[in-house]
Amino acid sequence: MNKLLSAEFIRLFKSKIFRICLLVSGILGAGFIIPKCVDVKRHAQVYANLSAEYSNADSMLFVGVMVVIFLMAMFVGLFAGTEYSDGTIRNKLIVGHRRGSIYLSKLVVCVVANVIFLVVCIFAAWGLGSLLLGTGMGYGEILTKTLMICVVTISMTALLLLCSMSIQSKSVGSVVCLMLMLGMLFVSAYVNQRLDAPEYYEGYAFTDDETGELIESPPTKNPSYPEGFKRDIYEFIYDFVPCGQILQICFMNTGNANLMMLYDMIILIGSTSAGIIIFKKKNLK
Amino acid sequence: MEYCLETNGLCKRYRGFKALDGLSMHVPKGAIYGFIGKNGAGKTTLIRLICGLQEPTGGSYTLYGEKNADKGIFAVRRRMGAVVETPSIYLDMTAEENIVQQYRILGIPSMDGISELLALVGLAHTGNKKAKNFSLGMRQRLGIAIALCGSPDFLVLDEPVNGLDPQGIVEMRELILKLNREKQITVLISSHILDELSKLATCYGFIDRGRLVKEISASELEAECRKCKRVTVSDTKPLCRVMDEMDIEYSIISDTEADIYSQISVTKLAMALAEENCEIISMSERGDSLEKYYINLVGGDDNE
């Protein structure tokens, strides 16, 4: 497998797609800081009356990650799909490399590439943000969040590679990877919205103009508030789906980190095993 | 005889369609094995199986003594190189980068020999030109160069002259002969361009509907495809009389044509026919071509 890894890494670093994704990741990271900076400068008076957390770069540090995950999907689809479309995967099989080794070497290379994209995006935002707006988050917190995002990236990449290696067409594979990412993000955003819904609508009180009577309405129950088993399911989905984990890490507290890491391990092992089994049974042309 | 590849009742079925139906073949070491069959006969399927791209649904094959189900098959594959259908090359890399990449895949530490390999296939001067800008012939040659990277003992080429121009075909033929003669590489070539194969192969395997119809050496085939002279005359009646008198073996094709199998003196025959007022219009060397032999073997129209 070392031979395959060596060959794959050389191919990665020479790859035009990798270089473009790297550049776009950096631009995305920095790109979200600049509008915030312009806004802070333009409304300096308003921000002066607000606490520092509103004017520093903290809220923008991880926004780019939500776009970079789509770059990751596209990259995995194209990088793995090229081997099918150019037929070069045959060169490895013909000379006796095992399918499992080929699959795992691809997983390692794609994980490394995707982690690089994320780190470049976050560090570009962090660097520019610190320079222009300053940050409230400490190094430790930023690095912990970055590390956690990288762990989620591993499971996310395993899922993307499963799709990409199961489909022999580069273009179809890339589209499926993007759709998977979009689907996961949509599900996570929907679940987040449902979980964030208030259990009760606030009560209200008003004085009747004619009678002068004070009319009070008690808080009313939100019928779409998920409770019991339904809420457990939603919480599980939110913690389990990699995009849900990313949302939690980027925009909220880090949630239940241990549980999320356990889920990542399950996704990684499950999707990689499934991918290897499918790839082993695949009739290559 | 030692074989580098033997298949035993090899079967491959795709959802109700039998691509290979109990195919048994034997590729002798050092041979150029011409694998002949029409489109859809199962040539490429067999090549995919022996290259490990697909698994057989029945039967087995042995590569240098290792069965396909044995663990040792992976190590033995290292002795193989193949170009299956289209050449497997990275289009965004140069010829040299493609070779370097294959060296890495094979774990060859030294990059020596890359320029010699490129020179061997006639791609020494491609420089920084990306493979995507190569002609079909250049891509085919690069595919062969990649297949030759690990100094294989067994080279499998699937339709190597498909789409090549006449000069490319000649160059490809010379390259294959050179590899076989100078490096003692056993070559399995699948093709349906029979005329081209007949200039290369030392033995043949004829495949039809997933079955091997016949395996034959080039010398055996030559004996079967007997050489003759086709003569066109004004009338075959006097020709018959003359040839019977001269004790010549022949067969009549039509009122004006006949095939002569014996070695004859053309002058004597012409003079004897002139005495009978029979004119020789034309005479040409003929032999049952590989093409004709193949059609006879697989049944011609029945198979169309």
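Since the structure is predicted, the reported quantities are computational estimates derived from the model, not experimental observations. (Residues numbered from 1 in each chain as written. Chains lettered and ligands numbered in written order. Predicted model: local features only at pLDDT ≥ 70, side-chain atom pairs only at ≥ 80, totals over all residues.)

*Asks:* Explain the overall build of chain A to me, using residue names and the numbers behind them.
*Replies:* On a plain count of helices and strands, chain A comes out with 13 helices and 4 strands. The dimensions of chain A, computed from C-alpha atoms along their principal axes, are 90 × 45 × 30 Å. Per-residue burial for chain A yields a buried fraction of 40% across its 285 residues. Within chain A, residue pairs in contact and separated by at least 24 positions form 81% of the contacts whose partners lie at least 6 positions apart. (Helix = DSSP H or I, 4+ residues; strand = E, 2+ residues; numbered from the N terminus. Buried ≥ 20, exposed ≤ 12 C-beta atoms within 10 Å, placed from the backbone. Contact = placed C-beta atoms within 7 Å.)

*Asks:* Can you explain the sheet that holds strand β8 (residues 186-191) of chain B? Please cite residues and give values.
*Replies:* All names here are of chain B. Taken in spatial order, the 6 strands line up as β6-β7-β8-β3-β9-β10 in an open sheet, and their pairing is mixed. The open sheet has two edge strands with one neighbour each: β6 (80-83) and β10 (211-217). Taking the axes of each pair of neighbouring strands and ignoring which way they run, one obtains an average angle of 15° across the sheet. Note that strand β3 (residues 32-36) and strand β9 (residues 203-208) share 4 bridges and pair parallel. Bridging across to β9, Gly-34 finds its partner in Tyr-204. Lying over the sheet, helix α11 (residues 290-298) contacts β3, β9 and β10, oriented at roughly 40° with respect to β9. (Pairing = 2+ DSSP bridges. Axes fitted to C-alpha atoms, helices over the stretch in contact; angles between N-to-C directions.)

*Asks:* Can you tell me about the sheet that holds strand β4 (residues 58-63) of chain B, naming the residues and giving the values?
*Replies:* Residues and elements named next belong to chain B. Within the open sheet, the 4 strands sit side by side as β2-β1-β4-β5. Their pairing is antiparallel. The open sheet has two free edges, formed respectively by β2 (17-28) and β5 (66-67), since each of these has just one partner strand. As paired elements, β4 and β5 share 2 bridges and run antiparallel to each other. Note on β5: the bridge partner recorded for Thr-62 is Lys-67.

*Asks:* Go over the interface of chain B and chain A with me, naming the residues and quoting the values.
*Replies:* Accessible area lost when the parts come together is the quantity often used to give the size of an interface. Contacts between chain B and chain A engage 25 residues on the former and 20 residues on the latter. Put simply, the parts of the chain that give the side of chain B that touches chain A at least two residues each are α2 (73-76), β6 and α3 (95-106) of chain B. Looking at the side of chain B that touches chain A element by element, the count peaks at 5 residues for α3 of chain B. The residue makeup of the side of chain B that touches chain A, split by class, is 13 nonpolar, 8 polar and 4 charged. (Nonpolar A, V, L, I, M, F, W, Y, C, P; charged D, E, K, R; others polar.)

*Asks:* Report on the domain arrangement of chain B, specifying residues and quantitative values.
*Replies:* In terms of domains, chain B is made up of domain 1 (3-217) and domain 2 (226-287). Taking only C-alpha atoms, the centre of domain 1 of chain B and the centre of domain 2 of chain B are 46 Å apart. (Domains from an automatic or database assignment.)

*Asks:* Quick one: what's the story with the confidence of the model for chain B, residue by residue and with numbers?
*Replies:* On average, chain B scores 86 in pLDDT, and the residues at 70 or more come to 97%. Predicted as a complex, the structure gets a pTM of 0.82 and an ipTM equal to 0.78. (pLDDT = per-residue confidence, 0-100.)

*Asks:* Residues and numbers for the environment of Leu-4 of chain A, please.
*Replies:* The topology assignment puts Leu-4 of chain A in helix α1 (residues 2-14). Taking C-alpha positions, Leu-4 of chain A is 16 Å from Ile-276 of chain A, a pair spaced 272 residues apart along the chain. Not counting the four nearest positions on each side in its chain, Leu-4 of chain A is found in contact with Lys-92, His-97, Ser-101, Ile-102 and Ser-105 of chain A together with Ile-105 of chain B.

*Asks:* So, unusual backbone geometry: which residues are in play, and what are the values?
*Replies:* Backbone geometry follows two general trends: most residues other than glycine have a negative phi, and most peptide bonds adopt the trans configuration. Residue and element names in this part refer to chain B. Positive phi outside glycine occurs at Glu-85, with the angle close to 55°. Relative to the helices and strands, Glu-85 is located in the loop between β6 and α3. One non-glycine residue, Asn-277, adopts positive backbone phi at about 60°. Inspection of the secondary structure assignment puts Asn-277 in the loop between α10 (266-275) and β14 (280-287).

*Asks:* Got a sec to walk through helix α8 (residues 99-132) of chain A? Specific residues and values, please.
*Replies:* For α8 of chain A, with 34 residues, the first-to-last C-alpha span of 49 Å sits near the 50 Å given by 1.5 Å per residue. Directly beyond the C-terminal end of α8 of chain A, a positive phi value near 85° is found at Gly-134 of chain A. (Expected span 1.5 Å × (residues − 1).)

*Asks:* Report on the packing of helix α2 (residues 16-31) of chain A against α8 of chain A, specifying residues and quantitative values.
*Replies:* What describes two packed helices is the angle between their axes and the distance between those same axes. All names here are of chain A. Put simply, α2 and α8 touch, their axes get as near as 7 Å, and they point 30° apart. In terms of orientation, α2 lies roughly parallel with respect to α8. You can see that α2 and α8 cross each other, and the crossing is right-handed. Across the interface between the two elements, Phe-18, Cys-21, Leu-22, Ser-25, Gly-26, Leu-28, Gly-29 and Ala-30 from α2 touch Ala-113, Ile-116, Phe-117, Val-120, Cys-121, Ile-122, Ala-124, Ala-125 and Leu-128 from α8. The class makeup of the residues in the contact of α2 with α8 is 14 nonpolar, 3 polar and no charged. (Parallel < 35°, antiparallel > 145°, perpendicular 65-115°, else oblique. Left-handed = near helix turned anticlockwise from the far one by under 90°.)

*Asks:* Explain the pairing of strand β2 (residues 204-207) of chain A residue by residue, including any values.
*Replies:* The side chains of a regular strand alternate, residue by residue, between the two faces of the sheet. Residue and element names in this part refer to chain A. Where β2 meets strand β3 (residues 214-217), 4 bridges bridge the pair, whose relative direction is antiparallel. Residue pairing for β3: Phe-206 is matched across the bridge by Ile-215. Two successive antiparallel strands, β2 and β3, enclose a turn made up of 6 residues, where Gly-212 displays a positive phi of approximately 75°.

*Asks:* Provide a residue-level description of the packing of helix α10 (residues 170-196) of chain A against helix α12 (residues 242-251) of chain A, including the pertinent values.
*Replies:* All names here are of chain A. At a minimum axis distance of 8 Å, the contact between α10 and α12 shows a crossing angle of 55°. Taken as axis vectors, α10 and α12 run oblique relative to one another. For the crossing formed where α10 meets α12, the hand is right-handed. Two secondary-structure elements touch here, α10 through Met-184, Leu-185, Ser-188, Val-191 and Asn-192 and α12 through Pro-242, Cys-243, Gly-244 and Leu-247. Per-class residue counts for the contact of α10 with α12 are 6 nonpolar, 3 polar and no charged.

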